[in-house]
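Next come the chains, spelled out residue by residue.
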Amino acid sequence: MENPRRGAFIVVEGLDRSGKTTQVATLKSRLEAEGISATILKFPDRTTAIGQMIDSYLRSHSDLDDRAIHLLFSANRWELATSIERMLAAGTTVVCDRYAFSGVAFSSAKGLSLDWCRAPDESLPAPDVTIFLDITPEQAQSRGGYGEERYEKQEVQRKVRAIFGEISCEFNEETWVTIDAGKEREEVASQVWKIVGPLTSGLSRPLKRLWHPQ
Ligand code: DGP
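These numbers were taken from a predicted model, which means no experiment stands behind them. (Residues numbered from 1 in each chain as written. Predicted model: local features only at pLDDT ≥ 70, side-chain atom pairs only at ≥ 80, totals over all residues. Heavy atoms only, no water.)

A. Highlighting the packing of helix 4 (residues 100–108) against helix 7 (residues 154–168). At a closest axis distance of 8 Å, the pairing of helix 4 and helix 7 adopts a crossing angle of 130°. The pairing of helix 4 with helix 7 is recorded here as oblique in orientation. Where helix 4 crosses over helix 7, the handedness of that crossing is right-handed. Touching Phe101, Ser102, Val104, Ala105, Phe106 and Ser108 of helix 4 are Gln157, Val160, Ile163, Phe164 and Ile167, all from helix 7. When grouped by side-chain class, the residues that make up the contact of helix 4 with helix 7 number 8 nonpolar, 3 polar and no charged. (Axes fitted to C-alpha atoms, helices over the stretch in contact; angles between N-to-C directions. Helix = DSSP H or I, 4+ residues; strand = E, 2+ residues; numbered from the N terminus. Parallel < 35°, antiparallel > 145°, perpendicular 65-115°, else oblique. Left-handed = near helix turned anticlockwise from the far one by under 90°. Contact = heavy atoms within 4.5 Å. Nonpolar A, V, L, I, M, F, W, Y, C, P; charged D, E, K, R; others polar.)

B. Quick look at the site of the ligand. Close to the ligand lie 14 residues; Asp16, Arg77, Arg98, Gly103 and Ser107 are nearest. Asp16 is positioned with one of its side-chain polar atoms (N or O) 2.9 Å from an oxygen atom of the ligand. Measuring from an oxygen atom of the ligand, one finds a side-chain N or O atom of Lys20 at 3.4 Å. In isolation the ligand has 500 Å² of accessible area, and contact with the protein removes 95% of it. Going through the elements one at a time, helix 3 (66–89) and helix 4 are the ones with two or more residues in the shell around the ligand. Among the elements that make up the shell around the ligand, the one with the highest residue count is helix 4 (4 residues). Partitioning the shell around the ligand into residue classes produces 5 nonpolar, 3 polar and 6 charged. (Near = heavy atom within 4 Å. Polar contact = N/O pair within 3.5 Å; in protein donor to acceptor, adjacent residues only side chain to side chain. Areas by Shrake-Rupley, 256 points an atom, 1.4 Å probe, with all protein chains shown as cover.)

C. Here's a closer look at the pattern of salt bridges. What the rule picks out here adds up to 17 salt bridges. Of the charged contacts, one joins Glu32 and Lys28 as a salt bridge, the two residues approaching to 3.3 Å between their closest N and O atoms. In this pair, Glu32 and Lys28 are both assigned in helix 1 (residues 20–33), 4 residues apart and thus about one turn of the helix distant. The partner of Arg205 in a salt bridge is Asp128, and the shortest N-O contact between them spans 3.6 Å. With a gap of 77 residues between them, Arg205 in the segment after helix 8 (185–196) and Asp128 in the loop between helix 5 (114–118) and strand 4 (129–134) connect regions that are remote in the sequence. The buried category is assigned to Asp128, whose relative accessible area is 7%. Sharing partners across several salt bridges, the network here consists of Arg46, Asp55, Arg59 and Glu149. (Salt bridge = Lys/Arg side-chain N within 4 Å of Asp/Glu carboxyl O. Buried < 20%, exposed > 50% of the residue type's maximum accessible area, 1.4 Å probe, protein only.)

D. View of the packing of aromatic side chains. As enumerated under the stated definition, the model contains 10 aromatic pairs in all. With a centroid separation of 4.8 Å and 45° between ring planes, the pair formed by Phe132 and Phe164 is classed as tilted. Within this pair, whereas Phe132 is found in strand 4, its partner Phe164 is found in helix 7, the two being separated by 32 residues in sequence. No difference in accessibility class separates Phe132 from Phe164, as the two residues are buried. Aromatic ring contacts, followed pair by pair, group Phe101, Phe132, Phe164, Phe171, Trp176 and Trp211 into a single cluster. (Phe/Tyr/Trp six-rings, centres within 6.5 Å; stacked < 30°, edge-to-face > 60°.)

E. Quick look at unusual backbone geometry. That bond from Phe43 to Pro44 is cis: its omega, -5°, falls within 30 degrees of zero. Residue placement: Pro44 occurs in the loop between strand 2 (38–42) and helix 2 (49–58). Notably, Ser60 is not glycine yet its phi reads approximately 60°, a positive angle. Note on placement: Ser60 falls in the loop between helix 2 and helix 3.

F. The sheet that holds strand 1 (residues 9–14), seen in detail. The strand order across the open sheet formed by 5 strands is 2-3-1-4-5, and the pairing between neighbours is parallel. In this open sheet, the two edge strands, each paired with only one partner strand, are strand 2 and strand 5 (176–180). Averaged over all pairs of adjacent strands, the angle between strand axes in this sheet comes to 20°, irrespective of strand direction. Summarising the sheet, strand 1 and strand 3 (residues 93–97) pair through 4 bridges and their orientation is parallel. Along strand 3, the bridge assignment pairs Ile10 with Val95. Sitting on the sheet, helix 4 touches strand 1, strand 4 and strand 5, and the angle it makes with strand 1 is about 25°. (Pairing = 2+ DSSP bridges.)

G. Region of interest: helix 8. A rise of 1.5 Å per residue sets the reference length of helix 8, with its 12 residues, at 16 Å; its end C-alpha atoms lie 16 Å apart and thus fit the reference within 8%. Lining the buried residues of helix 8 we find strand 1, helix 1, strand 4 and strand 5. (Expected span 1.5 Å × (residues − 1).)

See below:
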């Protein structure tokens, strides 16, 4: 019989070097330790054919028109949309490292309009909560590895952070939670768990769609 409670869809967003990947890995271990059925996804998913084009672009091995790369990022999310829905329907918690909000923030930081950037992701499954790991571009730069990929520049990250701020205004305090990611790793992890833990027993409300009112 199908599980009457679906899994929760959780998205973790943030600037480059905000600690998303570390926090998502910590969350994964916690979910496993608690015996919760969960899947971790990461966008861009660089393993698919589209993902490999994105990877080459991000490493500056290839150049693409700003709109073309935006559409590839979106297509990379659409590639996994059906499997996200299936996993949620089967009661699995899905945690996603980046999602459509990065799409809007990074592409509109290059000057594309917000409306144009949002359009290709319209109707994707909407997260039940987005956790935004907030860090200043200065703090991010002081962390190791910064500057290796295309968008890892302070002026880009400053714009991206401002656009994430604009996007957050469309959500309420339950659907978008900002965490100070400049804090100690354990402190951030415990705040993340406070948000995710209660959602892991499943949800009975239907899944929403982007960009319908949250
Ligand atoms: P990551 O693998 O999390 O380091 O992300 C790769 C980079 O790609 C990061 O600088 C953010 C950027 N990015 C992620 N998603 C999108 C998107 O949909 N559109 C654009 N333009 N950039 C994105």
